Amino acid sequence: MLDSILESLRVVALPTKTDFRSIKVREVALIEGPKGWGEFSPFVEYEPTECIPWLVSAVEAATLTPPEILRSQIAVNATMPAINGKDEIAEVLSWFPGCTTVKIKVGADLKDDLARIATVCDLAPTAKVRIDVNGMWSIGKATQAIHAIYDICNLEYVEQPCSTLEDLRELKKRVGIPVLIAGDEVVRKVGNPMEVDLHDAIDILLLKVAPLGGIKKSLEIAAHHGKPVVVSSALDSAVGISYGLQLAASLPSLDYACGVGTGALLSADVATLPIVGGMMKVNSVAPDRDRMKEYAISPERFDWWRARVRETWEAGAKDWILREGWTW
Ligand SMILES: [Mg+2]
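Residues numbered from 1 in each chain as written. Predicted model: local features only at pLDDT ≥ 70, side-chain atom pairs only at ≥ 80, totals over all residues.

**Student:** I keep staring at the domain arrangement of the protein and nothing clicks. Help me out?
**Tutor:** When the parts of a complex come together, some accessible area is lost, and that lost area is often used as the size of the interface. Each assigned domain of the protein is listed here: domain 1 (2–66 + 289–324) and domain 2 (73–281). Taken together, the 25 residues of domain 1 in the interface contact 24 residues of domain 2. Counting only elements with at least two residues in the side of domain 1 that touches domain 2, the list comes to β1 (10–15), β2 (25–33), β3 (36–40), α2 (48–63) and α11 (289–294). Broken down by element, the side of domain 1 that touches domain 2 gets its largest block of residues, six residues, from α2. (Domains from an automatic or database assignment. Contact = placed C-beta atoms within 7 Å. Helix = DSSP H or I, 4+ residues; strand = E, 2+ residues; numbered from the N terminus.)

Structure, rendered in structure tokens:
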């Protein structure tokens, strides 16, 4: 199967509109199998072991019939990077037409964070706000920050305020206001997401299809933990986003807007997946050949990605895929 994967491999470098995650160009590998296209786009600093579920997800998309879809469109949130100028914030909001929930990146500096949240609420006074801290706060800092934020906006939930489950559990005890906590890294960055005990630590589970190893695995994780779910993306191309949308559409229940509108942060993409009235249609997409050519990566970077696919395969993706019995 590795030969087929490598034969179909295309890699693009997509420019971003802002330096979200300090990234100005998003490199994305795409593969085409018997059932369609899959995306393999772990961030470039990830080691092969961390890339394994990303490759499994791409191969699943390329080789399996898509899951049964329970909804045809998905409500999405706007995603606000850690920027502070009022004009820039207004511009980013305009990329998410009709979205009534805004996810705001915070954590580096509380003063800047509060200013950013206040500006968003000023520009979108009826919006629900969810903040993503990426585990950057201590319990004490989180308690102080959550109180300050709770006072200035319509706070829906706080994503990963502290990095460990122990700290999240302690924070929930201490915070003293009815705030919902969502877990992302505590599930996504652990060896086995089925083994973590989320009890009393988080209220909402973030699912990202690629880093969790595909739709089948993500559905298993959701069923196992039995928490409300928010599907999110990782600055994927339209191919990866469409897979996240298919996951969101196949979940038995979905109570929150999903964070799969991040394609709006790219200034070019391999296919078009627009946000209309705060919603995205659930479609499997094929990348446009001309756009893949236009944004094709340099030959040196292509060789790097080819080697990366091979390394990830050998590091454990092969065993996982053979165990699943998927054929190409
Ligand atoms: Mg997150």
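**Student:** Whenever I open this one, the nonpolar core confuses me. Can you help?
**Tutor:** Grouped burial of nonpolar side chains is what soluble globular proteins tend to show. Grouped together as the largest cluster of nonpolar side chains are 102 residues, with contacts concentrated most on Leu-55, Ile-74, Leu-207 and Ala-248. Tallying contributions element by element places α2 first for this core, with nine residues. In this structure, this core is formed jointly by two domains, domain 1 (2–66 + 289–324) and domain 2 (73–281), each of which donates at least three residues. Contact partners of Leu-55, with chain neighbours within four places excluded, come to Phe-40, Val-309, Thr-312, Trp-313 and Ala-317. (Core = buried A, V, L, I, M, F, W, Y, C linked by C-beta atoms within 7 Å. Buried ≥ 20, exposed ≤ 12 C-beta atoms within 10 Å, placed from the backbone.)

**Student:** Honestly, the sheet that holds β2 in this entry has me stumped. Any pointers?
**Tutor:** In sheet architecture, strand pairing relies on hydrogen bonds along the backbone and comes in two forms, parallel and antiparallel. Overall, antiparallel pairing links the three strands, which are arranged β1-β2-β3 in an open sheet. The open sheet terminates on both sides in strands that have one partner only, identified here as β1 and β3. Averaged over all neighbouring strand pairs, the angle between strand axes comes to 35°, with direction disregarded. Both β1 and β2 contribute to a ladder of six bridges, which runs antiparallel. In the sheet register, Val-11 faces β2, and the bridge partner there is Ala-29. (Pairing = 2+ DSSP bridges. Axes fitted to C-alpha atoms, helices over the stretch in contact; angles between N-to-C directions.)

**Student:** What's the story with the environment of Asp-19 in this structure? I'm lost.
**Tutor:** Note that Asp-19 resides in the loop between β1 and β2. Taking the C-alpha atoms as reference points, Asp-19 and Leu-266, 247 residues apart in sequence, are found 9.9 Å from one another.

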